[in-house]
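# Fold and contact review
Chain residues, written in single-letter form:
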Amino acid sequence: MSGKIIVLPETLTSRIAAGEVVERPASIVKELLENALDAGATEIAVELEKGGCQSIRVTDNGEGIGREEVALAFARYATSKIGTFEDIYRVSSFGFRGEALPSIASISRVEMVTRQAFSPAGTRIVVEGGEERGLTDAGCPVGTSIAVSRIFEQVPVRRKFLKGDLTEQGYCLDWITRLALADPEVKMKVTAGGRMVMNIPAAKDLSERIALTLGRDFRGQLIPAAGERGGVRLQGFVSRPEFTRSGASQMFFYVNRRFVKDYLLNHAAMTAYRRVIEARRYPVLVLSLDMPPGEVDVNVHPAKLEVRFRNPRDIYALVVETLSGVIGAGHAPGLHTGASGGGDAGRAAYAARVEEALKRYRVSSGPEKLIFGGAPAQKRESAPPPVAREPEPGAEQPEMRPLFSALAYLGQVAGTYLVFAGGEGLVLVDQHAAHERILFEKLRRQAAETGERAIGQRLLLPEVVSLPPRDLAFVTGSVPILEEAGMEVEPFGGDSVVVKALPAFLPYAEAKTLLGDLLADCGEEARDLPLVERRERIFTALACRGAVKANRILNPQEVAALCLDLDAIPQAATCPHGRPLAVPVSLFELEKMFKRR
Ligand code: ADP
Ligand code: MG
């Protein structure tokens with residue numbers, strides 16, 4: 001490094017900050033739409049050229065901006081939405097950081113025309129690369145129209161990261177859809193290259209809006225869901241278990257009206273659905289959580305896609321219970337109306353679901369292939385034991401699908417082994433090995449199937465770690481693999497790397513320790529392995545770090561969640577290291593022990 005320390009000029013700092021807010025054209029669409037909604041618009045038009053890569057125009061009929069404030073709207077941290085720090089915890093608007101307009105304007109050319117209802121003339125302002133290029137009178141209707149062009153022209157690196165126009169357009173439409181679902185009464189029109197691609201009329205309620213936004217075939221397939229717990233309200237619509245999708249892209253969650261992509265919420269929904277739908281199928285859902293602002297921190301990430309709940313366990317339970325109740329009821333006529341899933345009705349519904357799932361297994365795989373019995377006492381003729389006694393290390397038996405969640409949980413031994421009763425005897429599960437396999441499969445599936453990386457937990461303060469040369473080469477050479485697991489690491493010059501995000505299942509790990517453990521677990525020889533094998537090593541090591549340790553008491557809910565996860569992964573008899581994860585003790589063996597045979 002060379003030179004003196006200088007304070008970066010504002011044009012540069014905003015461009016750096018813009019990287020956080022404006023990742024791609026869709027981020028611009030999102031911010032402009034949110035501003036329009038915050039301004040009370042009832043009609044919004046979006047025009048995209050070349051998928052938003054060339055230009056984006058958003059026109060609204062909202063309250064507009066006064067002449068004297070137009071320039072201010074483009075100043076950093078200028079917002080009309082909060083006044084004091086405490087307000088952050090009370091805001092009901094989408095925006096409050098005052099970062100969007102300056103960020104967008106720093107990487108593009110923005111032309112805005114706007115007029116307030118009572119003012120005779122409107123105002124036009126042009127801002128380019130963060131510099132104001134003129135402010136004049138303009139004749140225009142009430143509301144605001146913002147046209148953004150020359151996007152990322154000054155930031156060629158960003159441009160390079162953009163995908164094809166159609167893909168970028170898809171990302172834009174995703175955001176429009178998410179916001180359209182958040183505000184059923186607002187009319188939205190979208191054109192792309194002059195052609196109408198979405199025309200969503202105002203709807204009187206959410207269910208109508210879902211049909212208008214996502215498509216008519218959703219009508220009749222969605223059932224209302226509602227629940228409440230500790231001041232947190234959940235409501236919305238979820239698909240019947242028969243109506244599933246091959247991807248998770250139509251699972252919409254909102255927290256206090258804000259669309260979020262939240263691992264916890266997704267997991268909770270999948271936990272409820274996994275009991276009634278097949279592996280690798282996903283429900284459609286539009287669910288809103290409303291809670292006092294103090295219960296959730298939306299200020300975690302500039303793009304505000306992640307939130308942090310004060311009581312994540314309660315939220316998790318609320319989602320699982322509400323959805324379980326509702327979709328369970330879907331199978332048992334007469335039990336509908338959004339039962340919360342608690343109480344006897346909930347338990348009955350759960351039992352019914354397990355039965356239903358069992359029935360489906362029986363139908364789809366035939367009696368010989370059904371491995372675990374439902375009730376402990378009932379004996380089924382000549383079924384093979386749950387998991388092969390002496391499995392080959394890493395061997396997978398795809399035709400056998402044990403149903404861990406149908407076993408009766410008896411308890412934990414030595415804080416490590418979970419004991420279950422099934423129709424064929426006992427099943428012992430090593431909690432660490434089982435959890436390790438679950439995490440490993442999740443990582444592997446995510447990487448292989450969707451090509452997506454796992455969601456990482458962004459560190460508020462990125463951590464710089466210096467490494468010996470050989471380790472440094474290994475880590476930098478493995479960046480794409482780590483990224484697939486949700487761990488963001490970048491070279492940081494010299495002998496260091498900077499860790500920006502950790503795998504979501506290791507949110508409390510310490511970056512330095514985790515890297516050290518990873519290097520130790522992978523071993524020296526991993527450095528020379530081809531990429532595919534190296535990936536397995538790294539995933540194994542991360543899964544091992546993330547898995548519940550031996551000697552930890554699990555509560556029944558945790559055990560139930562583990563079982564559901566085990567049911568959802570491709571069947572494997574061992575942990576990724578090759579140790580068995582479950583060992584059956586058959587009735588025959590028990591009878592022998594007691595000299596009944
Ligand atoms: P934030 O939304 O976080 O306040 P922005 O940079 O997105 O910050 O916008 C800055 C300000 O500009 C807003 O607080 C609002 O007062 C004004 N503004 C932006 N877009 C619109 C719009 N479409 N209609 C009315 N006012 C707007
Ligand atoms: Mg805004």
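What counts and what doesn't
Residues numbered from 1 in each chain as written. Chains lettered and ligands numbered in written order. Predicted model: local features only at pLDDT ≥ 70, side-chain atom pairs only at ≥ 80, totals over all residues. Heavy atoms only, no water. Helix = DSSP H or I, 4+ residues; strand = E, 2+ residues; numbered from the N terminus. Buried < 20%, exposed > 50% of the residue type's maximum accessible area, 1.4 Å probe, protein only. Contact = heavy atoms within 4.5 Å. Areas by Shrake-Rupley, 256 points an atom, 1.4 Å probe, with all protein chains shown as cover. Core = buried A, V, L, I, M, F, W, Y, C linked by side-chain atoms within 4.5 Å. Domains from an automatic or database assignment. Phe/Tyr/Trp six-rings, centres within 6.5 Å; stacked < 30°, edge-to-face > 60°. Lys NZ or Arg CZ within 6 Å of the ring centre and 35° of its normal. Pairing = 2+ DSSP bridges. Axes fitted to C-alpha atoms, helices over the stretch in contact; angles between N-to-C directions. pLDDT = per-residue confidence, 0-100. Parallel < 35°, antiparallel > 145°, perpendicular 65-115°, else oblique. Left-handed = near helix turned anticlockwise from the far one by under 90°. Nonpolar A, V, L, I, M, F, W, Y, C, P; charged D, E, K, R; others polar.

## Considering the overall build of the protein chain
Helix and strand counts for the protein chain stand at 17 helices and 22 strands. Buried residues in the protein chain amount to 51% of all 597 residues. Taking contacts inside the protein chain between residues at least 6 apart in sequence as the whole, the part at least 24 apart equals 68%. Of the roughly 28,400 Å² of accessible surface on the protein chain, a fraction of 55% belongs to carbon and sulfur atoms.

## Re the nonpolar core
Of all hydrophobic cores here, the largest spans 58 residues; its most connected members are I28, L32, I44, F74, I176 and I210. At eight residues, the largest contribution of residues to this core is made by helix α6 (residues 165-182). Among the domains, domain 1 (10-200) and domain 2 (206-365) are the pair contributing at least three residues each to this core. Once residues lying within four places of it in the same chain are set aside, the contact partners of I44 are L33, A36, L37, V58, T59, D60, V186, K187, M188 and K189. Counting 33 residues, the second-largest nonpolar core is a separate cluster that includes Y316, L318, V319 and L323.

## Describing the packing of aromatic side chains
Under the defined criterion, the tally for this structure stands at five aromatic pairs. These aromatic residues form a ring-pair network of at least three members: W175, F252, Y254 and F259. Lying across the ring of Y282, R274 places its NZ or CZ 5.8 Å from the centre.

## Things to note about the environment of S80
By the secondary structure assignment, S80 is in the loop between α3 (67-70) and α4 (100-106). Assessed through its relative accessible area of 69%, S80 is described here as exposed.

## Quick look at the sheet that holds strand β22 (residues 582-586)
Backbone-to-backbone hydrogen bonds join strands into a sheet, with any given pair of strands oriented parallel or antiparallel. A sheet is described by the order of its strands in space; here four strands give the open sequence β16-β17-β18-β22, paired in antiparallel fashion. Looking at which strands have only one partner, the edges of the open sheet turn out to be β16 (408-413) and β22. Strand after strand, the sheet turns through a mean of 25° between neighbouring axes, direction not considered. Bridge count between strand β17 (residues 417-422) and strand β18 (residues 425-430): six bridges; the pairing is antiparallel. Paired with Y417 across the bridge in β18 is D430.

## Topic: the confidence of the model for the protein chain
Summarising the model, the protein chain shows a mean pLDDT of 79, and 78% of its residues fall at 70 or more. Considering only residues more than four positions removed or in separate chains, one finds that residues 329-343, a stretch of pLDDT under 50, has 19 contacts. Of the regions scoring below 50 in pLDDT, residues 350-401 engages in 89 contacts with residues more than four places distant in sequence or in other chains.

## Quick look at the packing of helix α2 (residues 25-38) against α6
The relative placement of two packed helices is expressed as an angle between their axes plus a distance between the axes. In the contact formed by α2 and α6, the axes pass within 8 Å of each other and the chain directions differ by 25°. It follows from the interaxial angle that α2 and α6 lie roughly parallel. Note on packing geometry: the crossing formed by α2 with α6 is right-handed. Where α2 abuts α6, its residues P25, A26, V29, K30, L33, E34 and L37 lie against E168, Y171, C172, W175, I176 and L179. When its residues are assigned to classes, the contact of α2 with α6 shows 10 nonpolar, no polar and three charged.

## Some remarks on the side chain of T416
Assignment of secondary structure puts T416 in the loop between β16 and β17. Look past the residues within four positions of T416 in its chain and what remains in contact with it is V429, D430, Q431, A550 and N551.

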